[in-house]
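Each chain is listed here by its residues.
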Amino acid sequence: FFTGINFANMAKVLCEFSGVEHRIEPVATINQVPYYNDSKATNPESAIKALEAFDGHIILIAGGRDKNTDLTAFMQLATTKVDQLILMGEATERFKAAAQSQGIKNIYHVDNMKNAVKLAHESAKPPQMVLLSPACASYDMYKNYEARGKDFKKLVLELK
């Protein structure tokens, strides 16, 4: 089954693999707080996978063009993983209501990505981390999820 495979080479490639852009992509660590770009998470199921990838203490930036998907499982998981929820975009009110129905308290609304990154940066302290995982489409503010992710990364890198 593994005929001709050099396991040392395979291990080297796996160790050097940096991941795929916009998919739980490490952006920077600032003041011991890591920032991750998961702009590809355009639905709650994808955002759930991102939340599951971390132990908790997440400052989550979410929202965008609402797809009117069921938010129950997403917000239930957020109660155990998210310290602060920063919402933006057209989905803000429905996401806020869903979060509040699960008992999430630290919910903030911002008008744009610049203010989301600024608020996250001002409040984040180790062991927290900042995660953009919108659970929404980007079309209310951006051409696509790639443009949203690139804006997030640019703004984070400007903090350094």
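Analysis parameters
Residues numbered from 1 in each chain as written. Predicted model: local features only at pLDDT ≥ 70, side-chain atom pairs only at ≥ 80, totals over all residues. Heavy atoms only, no water. Patch = residues over 30% accessible without salt bridge, like charges linked within 9 Å, V, L, I, M, F, W, Y side chains within 5 Å. Areas by Shrake-Rupley, 256 points an atom, 1.4 Å probe, with all protein chains shown as cover. Salt bridge = Lys/Arg side-chain N within 4 Å of Asp/Glu carboxyl O. Helix = DSSP H or I, 4+ residues; strand = E, 2+ residues; numbered from the N terminus. Buried < 20%, exposed > 50% of the residue type's maximum accessible area, 1.4 Å probe, protein only. Contact = heavy atoms within 4.5 Å. Pairing = 2+ DSSP bridges.

Taken together, the side chains of Ile5, Phe7 and Met10 present a nonpolar region at the surface, about 260 Å² in accessible area. With respect to the helices and strands, the residue Met10 is situated in helix α1 (residues 7–16). Judged by relative accessible area, which is 36%, Met10 ranks as partly exposed.

Bringing the environment of Ala91 into the picture now. Residue placement: Ala91 occurs in the loop between β4 (82–87) and α4 (92–101). Separated by 49 residues in the primary sequence, Ala91 and Thr42 place their C-alpha atoms 12 Å from one another. Contacts of Ala91, omitting those with residues within four sequence positions, involve Gly63, Gly64, Asp66 and Cys136.

Attention shifts here to the pairing of strand β2 (residues 33–37). Most of β2 sits out of view: four of its five residues are buried. As judged from the five bridges shared by strand β1 (residues 25–30) and β2, these two strands associate in the antiparallel manner. In the sheet register, Thr29 faces β2, and the bridge partner there is Pro34. Linking two consecutive strands that pair antiparallel, namely β1 and β2, is a turn of two residues; a positive phi of about 55° is found at Asn31 within it. Bridge count between β2 and strand β6 (residues 129–132): three bridges; the pairing is parallel. When the sheet's bridge partners are listed, Tyr36 is paired in β6 with Leu131.

This part takes up unusual backbone geometry. Cis rather than trans, the peptide bond between Pro126 and Pro127 has omega equal to 10°. Positionally, Pro127 belongs in the loop between α5 (113–123) and β6. Positive phi outside glycine occurs at Asn68, with the angle close to 55°. For Ala135, which is not glycine, the phi dihedral falls at a positive 60°. Structurally, Ala135 can be placed in the loop between β6 and α6 (145–159).

It is worth stressing that arrangement in space is one thing and function is another; only the former is reported here.
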